[in-house]
Amino acid sequence: MRLLRIVPDNTRFKFVWFRRVSYPLSAAYSVLVLALFLTVGLNFGIDFKGGTLIEMQSKAGAIDIGQIRHTANELGFGEVEVQEFGTGGEVSMRFGMQPGGETAQQAVVVKAREAFASNYDFRRVETVGPRVSGELVQAGTLGVVLAIVGVLIYLWFRFEMPLAIGAILGTLHDIVLTIGFFLITQLEFNLTSIAAILTIVGYSLNETVVVFDRTRELLRRYKTMPIAELLDLSVNSTLSRTAMTATTTVLSLLALVLFGGTAIQGFALVMLFGVVVCTYSAMFISTPVLLYMDVRSAGAREEAQEAARTKASAAKAKAKA
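S.K.: How should helix H6 (residues 161-185) be read in this particular structure?
M.R.: Note: α-helices contain 3.6 residues per turn, so residues at a spacing of three or four share the same orientation. The terminal C-alpha atoms of H6, which comprises 25 residues, lie 36 Å apart, in line with the 36 Å expected from a rise of 1.5 Å per residue. Following H6 by one or two positions, glutamine 186 adopts a phi angle in the positive range, close to 55 degrees.

Right, dumping it as structure tokens:
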């Protein structure tokens, strides 16, 4: 039985050369992300803004979005976002945060039921008050920051300085591009989005560590090979594994996007984008960075330290004997 190979063995792609394209593209995208963040901003969901989300299913099947919007605005809770979703007969309404605390938010649900219960089944109701939404913003931001700091500390101790810097830049690059995906698509940013970003950070770390471990191994084996060729070799030698991992993950996420329903669709879309970005970053962003650093000396220092540790262990064992 022949093994499935997405990428043939012994590929010789010039990944380092492609930095002439990937670096300007990523830089331009990062500038666009910054501009959108300062002007448009993220589309914060109920979790962070506060307010009420109601999802309904029509009992008759067909719906009239215009009539629903008119009825919802007549309730007196300000402008209401009304959207149709799903396969048909499903609609969501978003009411902004009302003054008066939790009691005011619950009043929205009561009046909405009175207005729509005869023709619609209420499938989902979420109400978040101003105090809770503020706490969620703080907790979510703190969680992301601490996770990123923890990953950066791990990378710093996991590799020699040049390799660690390359891995850190790649991870930060993936976070920026993922936030840009939220800004461009205006996909709702909620607590599920925080989970997606943290998962992408872990995936990015995994992809980078695999390539950089091979780079460190080749630095010890080929002491005179030009660094550009060595970096290309490290990516090419792990390309089959990278392609297989990315393909299986993408297929799983595609199934979630197509059949997972609206509750998980946003998470799956962000993860799908993140997997592509992390794979691209490991090959065309993190690895070429090493071309501008003294990785050869770093590898020599590490080899000397390992030799010294081996010698010390041998001497210690001999002294005990």
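Now that the structure has been shown, we can carry on.
S.K.: Any chance you could explain the sheet that holds strand E2 (residues 80-85) here in plain terms?
M.R.: Pairing between sheet strands relies on hydrogen bonds along the backbone, with the strands arranged either parallel or antiparallel. Across the sheet, 4 strands lie side by side as E2-E3-E1-E4; this open sheet has antiparallel pairing. Edge strands, defined here as strands with exactly one partner in the open sheet, are E2 and strand E4 (120-128). Neighbour to neighbour, the strand axes of the sheet diverge by 15 degrees on average, direction disregarded. Bridge count for E2 against strand E3 (residues 90-95) is 6 bridges, and the pairing is antiparallel. By the bridge assignment, glutamate 84 is partnered in E3 with valine 91. The sheet strands contacting helix H3 (residues 65-73) are E2, E3 and E4, and the helix crosses E2 at an angle near 155 degrees.

S.K.: Whenever I open this one, the packing of aromatic side chains confuses me. Can you help?
M.R.: What characterises a pair of aromatic rings is the spacing of the ring centres plus the angle enclosed by the ring planes. On inspection of all chains with the given rule, the structure shows 8 aromatic pairs. Measuring from ring centre to ring centre gives 6.1 Å for phenylalanine 116 and tyrosine 120, while their planes differ by 75 degrees; the resulting arrangement is edge-to-face. As far as burial versus exposure is concerned, phenylalanine 116 and tyrosine 120 are alike and both buried. With 5.8 Å between their ring centres and 40 degrees between their planes, tyrosine 280 and phenylalanine 284 make a pair best called tilted. Residue tyrosine 280 and its partner phenylalanine 284 are located together in helix H10 (residues 262-289), separated by 4 residues, close to a single helical turn. The exposure class of phenylalanine 284 is buried, given its relative accessible area of 15%. An aromatic cluster is built from Phe13, Phe15, Phe18, Tyr280 and Phe284, whose rings are joined through pairwise contacts. For arginine 113, the ring lying beneath its charged end belongs to phenylalanine 122, and the centroid distance is 4.7 Å.

Thresholds, definitions, all that
- Residues numbered from 1 in each chain as written.
- Predicted model: local features only at pLDDT ≥ 70, side-chain atom pairs only at ≥ 80, totals over all residues.
- Heavy atoms only, no water.
- Helix = DSSP H or I, 4+ residues; strand = E, 2+ residues; numbered from the N terminus.
- Expected span 1.5 Å × (residues − 1).
- Pairing = 2+ DSSP bridges.
- Axes fitted to C-alpha atoms, helices over the stretch in contact; angles between N-to-C directions.
- Contact = heavy atoms within 4.5 Å.
- Phe/Tyr/Trp six-rings, centres within 6.5 Å; stacked < 30°, edge-to-face > 60°.
- Buried < 20%, exposed > 50% of the residue type's maximum accessible area, 1.4 Å probe, protein only.
- Lys NZ or Arg CZ within 6 Å of the ring centre and 35° of its normal.

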